[in-house]
Amino acid sequence: MEQVKKLKITVLSDNFTSTIIPPLIGEWGFSAYIEADQIRILYDVGNSGLPVLHNAKLLGIDLSKVDYVVLSHGHSDHTGGLGNKELLELLKRKTLIAHPSITEKKFLNWSRRLQYIGLPLTREELEKNFNLILTKKPLEFTKGVMFSGEVKRYGYKEYNSGLFKASEEGVEEDKLYDDIALFINTPRGLVILTGCGHSNILNIINYAKEVTGVDKIYAVLGGFHLLSSDDQHVKDVINKLSSQASKIAPSHCSGNLAKSLITKEQFIDFGVGKSFEILE
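Predicted model, so just to flag it, every value in this text is computed and none were measured.

Enquirer: Any chance you could explain the overall build of the protein here in plain terms?
Expert: Check the secondary structure of the protein and you find seven helices and 17 strands. Taking 280 residues into account, the globule formula puts the C-alpha radius of gyration at 19 Å, and the protein, at 17 Å, falls close to it. Each principal axis of the C-alpha atoms in the protein carries an extent, and together these give about 45 × 40 × 40 Å. Sorting the 280 residues of the protein into buried and exposed places 53% on the buried side. Taking the intrachain contacts of the protein between residues at least 6 apart in sequence as the baseline, contacts between residues at least 24 apart amount to 73%. Total accessible area on the protein is roughly 12,200 Å²; 48% of this is exposed by carbon and sulfur atoms.

Enquirer: Before we go on, may I ask you to explain the packing of helix H5 (residues 201-212) against helix H6 (residues 231-242) in this structure?
Expert: Two numbers describe how H5 lies on H6: the axes approach to 10 Å, and their chain directions differ by 25 degrees. On the basis of their axis angle, the class for H5 and H6 is roughly parallel. Across the interface between the two elements, Ile201, Leu202 and Ile205 of H5 pack against Val237, Lys240 and Leu241 of H6. A class-by-class count of the residues in the contact of H5 with H6 yields five nonpolar, no polar and one charged.

Enquirer: Is there a simple way to explain the sheet that holds strand S7 (residues 113-116) in this structure?
Expert: Strand pairing in a sheet relies on backbone hydrogen bonds. The paired strands run either parallel or antiparallel. If you walk across this open sheet you meet the four strands as S7-S6-S11-S12, and the pairing is antiparallel. The open sheet has two edge strands with one neighbour each: S7 and strand S12 (170-173). With strand direction ignored, the average angle separating the axes of adjacent strands in the sheet is 35 degrees.

Enquirer: What is the right way to read H6 from this model?
Expert: Residues spaced three or four apart along an α-helix point in a common direction, a consequence of the helix completing one turn every 3.6 residues. For H6, with twelve residues, the first-to-last C-alpha span of 16 Å sits near the 16 Å given by 1.5 Å per residue. Along H6, the residues that are buried comprise His233, Val234, Val237, Ile238 and Leu241. What you see down the axis of H6 is that its buried residues fit within an arc of 125 degrees, all on one side. Packing partners of the buried residues in H6 comprise H5, strand S15 (217-223), strand S16 (245-251) and helix H7 (256-261).

Enquirer: Is there a simple way to think about the state of the cysteines in this case?
Expert: By definition, a disulfide links the sulfur atoms of two cysteine residues through a covalent bond. Evaluation of the coordinates by the stated rule reveals zero disulfides. Between cysteine 196, a cysteine without a disulfide, and cysteine 253, which holds the nearest cysteine sulfur, the sulfur-to-sulfur distance is 3.6 Å. On the basis of relative accessible area, cysteine 196 is assigned to the buried category, the value being 4%. What makes cysteine 253 buried here is its relative accessible area of 3%.

Enquirer: Even after reading the chapter, I still don't get the UniProt feature "domain: Metallo-beta-lactamase" (unreviewed entry) in the protein, so can you show me in this structure?
Expert: With numbering aligned to this structure, UniProt lists the feature "domain: Metallo-beta-lactamase" (unreviewed entry) at residues 31-83. Annotated as residues 31-83, this span is 25% helix and 26% strand, and its ends, taken at the C-alpha atoms, are 14 Å apart.

Enquirer: So what exactly am I meant to see when it comes to unusual backbone geometry here?
Expert: Backbone geometry follows two general trends: most residues other than glycine have a negative phi, and most peptide bonds adopt the trans configuration. In this chain, isoleucine 21 is followed by proline 22 through a cis amide linkage whose omega measures -5 degrees. Mapped onto the elements, proline 22 comes out in the loop between strand S1 (6-13) and strand S2 (31-36). Positive phi outside glycine occurs at aspartate 44, with the angle close to 70 degrees. Along the polypeptide, aspartate 44 turns up in the loop between strand S3 (39-43) and helix H1 (50-58). The exposure class of aspartate 44 is buried, given its relative accessible area of 0%. Positive phi values are uncommon outside glycine, yet histidine 225 reaches one of about 50 degrees. Of the residues examined, histidine 225 reaches a relative accessible area of 23% and is grouped as partly exposed.

What counts, and where the lines are drawn
- Residues numbered from 1 in each chain as written.
- Predicted model: local features only at pLDDT ≥ 70, side-chain atom pairs only at ≥ 80, totals over all residues.
- Heavy atoms only, no water.
- Helix = DSSP H or I, 4+ residues; strand = E, 2+ residues; numbered from the N terminus.
- Rg over C-alpha atoms; globule rule 2.2 N^0.38 Å.
- Buried < 20%, exposed > 50% of the residue type's maximum accessible area, 1.4 Å probe, protein only.
- Contact = heavy atoms within 4.5 Å.
- Areas by Shrake-Rupley, 256 points an atom, 1.4 Å probe, with all protein chains shown as cover.
- Axes fitted to C-alpha atoms, helices over the stretch in contact; angles between N-to-C directions.
- Parallel < 35°, antiparallel > 145°, perpendicular 65-115°, else oblique.
- Nonpolar A, V, L, I, M, F, W, Y, C, P; charged D, E, K, R; others polar.
- Pairing = 2+ DSSP bridges.
- Expected span 1.5 Å × (residues − 1).
- Arc of directions from axis to C-beta.
- Disulfide = S-S within 2.5 Å.
- UniProt positions renumbered as here; feature names shortened; annotations may be inferred.

The structure is reproduced here in structure tokens:
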């Protein structure tokens, strides 16, 4: 796998903002803008798209120049921004990469009611607005940047409690096979970016090593889905993660306990407005 020499990842939407100036806004969800050498990637589009649009303007990011849109999975807090007409117009005719299950009808059992939390666009609308690539397999779509495809499970707990999908055959538990990550190879090692990490960040790390052939993990960034886990489980995951990655940037659904357990030397603040950079 080739290497990215210059990398910058900026958080455009998250539950928390990490700056006072400029006055940025957040919401439940996630979106990150990636500059990998000369290639620009938008990873997820947030819940409403409003923070993405607002924050990009204040941070001097021109979303019309994006080369690729990558969706981490089919939940609305990561894909809902595609329902925002202004954001959709800026991203039209871009290449969009996702897992084939991204268009499944997804539901959350909230207060004993099934509530729709899926993609705001149909498969046909995706095809109309984007150059659509749907794949279960890993894909190095630009130099040094790999779409993980369907993450292999290595026995670590997955996070799909209360999540369902519907089809003509009925409603069933959603295993979230569309949960994908980005693997970015740099001179310092792999940088792994997740949306929610439903498949478990430890499974994701093992898979990253397997499909890239790179054993050194430099940084793990994004949602780890530990917010609702019991304290001991969070501690176990963070301990294992800390032994493998030099830098850790938990965001979105990771939870405050996970953040508090990471050492000062390893922790990276990854709320709205923050950037992670590698300059070689």
